[in-house]
Amino acid sequence: MMQLSNQPLDTSGSRRPACLLLHGLGAGVFEVCLLARFLQERGYPVRAFNFPGHEGQGPIMPASRWQQWYGAVEREFLGVRERYGTVAVLGFSTGGTLALHLAAQQPVAALVLLAPFLKLYQPPWLPVSLEGLVKSPLPYLIPTVPRLDPPIRDPQLRRLASQVRPYQTFSTWAVRSALDLIEVVKRELPQITAPTLIIQSPLDQVVDPQGSQVIYEQIGSDRKQLLWLKASDHIIGLDVERQEIFAAIEDFLLQLDPQPSSGSTATDPLSSA
């Protein structure tokens, strides 16, 4: 059986635009590797990498800051643009937040935001604000917290993700820094004009699903679409509706570059061993 991979990806292709894929906070390339493989099979150049503070492996996730992640994202974007000219940025969770910030600074051809992080999900059983806790002195007292099972409803993919994810804890300092990034991005939304596809599940238990609605309403793009899923949790690129997601992304990219696809018919990348 094929395993998920957390190794960086850099593949060439003849299609446009090139695709820069950004993973989520505290994770790595494995979260977007099936999407990357799907795009690669259809001829798109693909680049995916692990953020600073996310390249290692072990029980403890190191603290890192959004400025470090963004610096790496911008360098990667400029490198891909130099090679291919036109670049779409596909960001999952905090990768989506970083993609938005990049689009406010650089000429991004298009944005695909997968469960973008604009606000933390607030568990109904928790009597205090989770974001308030993260913004409090909590990181000084509890710099890391245990990591729960991957938020994936597909049992096979949840098991595979558990095997490949790099860390067993989560840095509360990194979460706090991601919240700081969100405050920056909220102010930038009206000036972002790149064509944008947002894909979100209402059953997401990591980010507040209404954050996607806020992005859709406030982003300055004239070409924007919000696709609501029905059955997935947070890591939607590895969950039960991944084929629907990949098809929607392919349709969106074809609107940017309507060349006939040289790839085969749509298949689940997990099934191609």
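Residues numbered from 1 in each chain as written. Predicted model: local features only at pLDDT ≥ 70, side-chain atom pairs only at ≥ 80, totals over all residues. Heavy atoms only, no water.

S.K.: Requested: an account of the pairing of strand E9 (residues 224-228), with residues and values cited.
M.R.: Sheet topology places strand E8 (residues 196-200) next to E9; five bridges connect them, and they run parallel. Among the inter-strand pairings, Gln 200 is bridged to a residue of E9, identified as Trp 228. In this region the chain leaves E8, passes through helix H8 (residues 210-218) and returns to the parallel neighbour E9; the handedness of that crossover is right-handed. (Pairing = 2+ DSSP bridges. Helix = DSSP H or I, 4+ residues; strand = E, 2+ residues; numbered from the N terminus. Right-handed = clockwise from strand over helix to strand, strands pointing away.)

S.K.: An account of the pattern of salt bridges is requested, with residue identities and associated values reported.
M.R.: Taken as a whole and judged by the stated rule, the model has six salt bridges. Note that Arg 83 is salt-bridged to Asp 10, the shortest N-O span being 3.1 Å. Of this pair, Arg 83 sits in helix H2 (residues 66-84) while Asp 10 sits in strand E1 (residues 9-11); the two residues are 73 residues apart in sequence, bridging distant segments of the chain. Taking the relative accessible area as the measure of exposure, Arg 83 reaches 46% and is therefore partly exposed. Beyond isolated ion pairs, a larger network of salt bridges with shared partners links Glu 41, Arg 42 and Glu 250. (Salt bridge = Lys/Arg side-chain N within 4 Å of Asp/Glu carboxyl O. Buried < 20%, exposed > 50% of the residue type's maximum accessible area, 1.4 Å probe, protein only.)

S.K.: Break down the sheet that holds strand E5 (residues 110-114) for me, citing the residues and quoting the values.
M.R.: Spatially, E1-E3-E2-E4-E5-E8-E9 is the arrangement adopted by the seven strands of the open sheet, whose pairing is mixed. Of all the strands in the sheet, just E1 and E9 have a single pairing partner and so form its edges. Mean inter-strand twist for the sheet, computed between neighbouring axes without regard to direction, equals 15°. Examined bridge by bridge, strand E2 (residues 18-22) and strand E4 (residues 87-92) share five bridges and lie parallel to one another. Within E4, the residue paired with Cys 19 across the bridge is Ala 88. Contacting E1, E2, strand E3 (46-48), E4 and E5, helix H1 (residues 33-41) crosses the sheet at an angle of about 175° to E2. Along the sheet face, H8 touches E5, E8 and E9 and points at about 165° away from the line of E9. (Axes fitted to C-alpha atoms, helices over the stretch in contact; angles between N-to-C directions. Contact = heavy atoms within 4.5 Å.)

S.K.: So what about the packing of aromatic side chains? Which residues, and what values?
M.R.: By convention here, two paired aromatic rings are described through the distance between centres and the angle between planes. Enumeration over the complete set of coordinates arrives at three aromatic pairs. Their ring planes at 85° and their centres at 4.8 Å tell us that Tyr 140 and Trp 173 sit as a pair that is edge-to-face. Of this pair, Tyr 140 sits in helix H5 (residues 138-141) while Trp 173 is found in helix H7 (residues 172-188), placing the two residues 33 residues apart along the sequence. Looking at Arg 42, its charged tip hangs above the ring of Phe 38, at a distance of 3.8 Å from the centre. Between Lys 224 and the ring centre of Tyr 216, over which it is positioned, the NZ or CZ distance is 5.1 Å. (Phe/Tyr/Trp six-rings, centres within 6.5 Å; stacked < 30°, edge-to-face > 60°. Lys NZ or Arg CZ within 6 Å of the ring centre and 35° of its normal.)

S.K.: Account for a nonpolar patch on the surface, naming residues and giving values.
M.R.: Among the surface-exposed residues, Tyr 140, Leu 141, Ile 142 and Val 145 lie close enough to one another that they form a single nonpolar patch of about 420 Å² accessible area. The class for Leu 141 is exposed, based on a relative accessible area of 69%. (Patch = residues over 30% accessible without salt bridge, like charges linked within 9 Å, V, L, I, M, F, W, Y side chains within 5 Å. Areas by Shrake-Rupley, 256 points an atom, 1.4 Å probe, with all protein chains shown as cover.)

S.K.: Tell me what's going on with the environment of Gln 122, and back it up with residues and numbers.
M.R.: Assignment of secondary structure puts Gln 122 in the loop between E5 and helix H4 (130-135). Note: C-alpha distance between Gln 122 and Leu 39 (83 residues apart in sequence) is 34 Å. Ignoring any residue separated from it by four or fewer positions in sequence, one finds Gln 122 in contact with Val 128, Ser 129 and Leu 130.

S.K.: So, H2: which residues are in play, and what are the values?
M.R.: With 19 residues, H2 should reach 27 Å at 1.5 Å per residue; the first-to-last C-alpha distance of 26 Å fits that figure. Restricting attention to buried positions, one finds in H2 the residues Trp 66, Trp 69, Tyr 70, Gly 71, Ala 72, Val 73, Phe 77 and Val 80. Tucked into the core, H2 has its buried residues touching E2, E3, E4, helix H3 (94-105) and H7. (Expected span 1.5 Å × (residues − 1).)

S.K.: Any details on the layout of surface pockets? Residues and values, ideally.
M.R.: Estimated volume of the largest pocket: approximately 1200 Å³. Around the largest pocket, the lining comprises 39 residues; the ones closest to its centre are Leu 130, Leu 148, Phe 170, Gln 205 and Val 206. Within the residue set of the lining of the largest pocket, elements represented by two or more residues are H4, strand E6 (144-146) and H7. Here the element with the most residues in the lining of the largest pocket is H4; it accounts for three residues. Of the residues assigned to the lining of the largest pocket, the class counts are 25 nonpolar, seven polar and seven charged. (1 Å grid on protein atoms, 1.4 Å probe; cavity = no way out; pocket = protein on both sides within 12 Å on 5 of 7 lines; lining within 4 Å. Points joined across faces, edges and corners; volume = space filled by probe spheres on them. Nonpolar A, V, L, I, M, F, W, Y, C, P; charged D, E, K, R; others polar.)

S.K.: Any chance you could break down unusual backbone geometry for me, citing the residues and the numbers?
M.R.: In this structure, Pro 17 follows Arg 16 across a cis peptide bond, with omega equal to -5°. We note that Ser 93 has phi near 55°; this positive angle belongs to a residue other than glycine. Here Ser 93 shows up in the loop between E4 and H3. Relative accessible area serves as the criterion here: at 6%, Ser 93 is assigned to the buried category. One non-glycine residue with positive phi stands out, namely Ala 115, at about 45°.

Worth remembering: the numbers are spatial, not functional.
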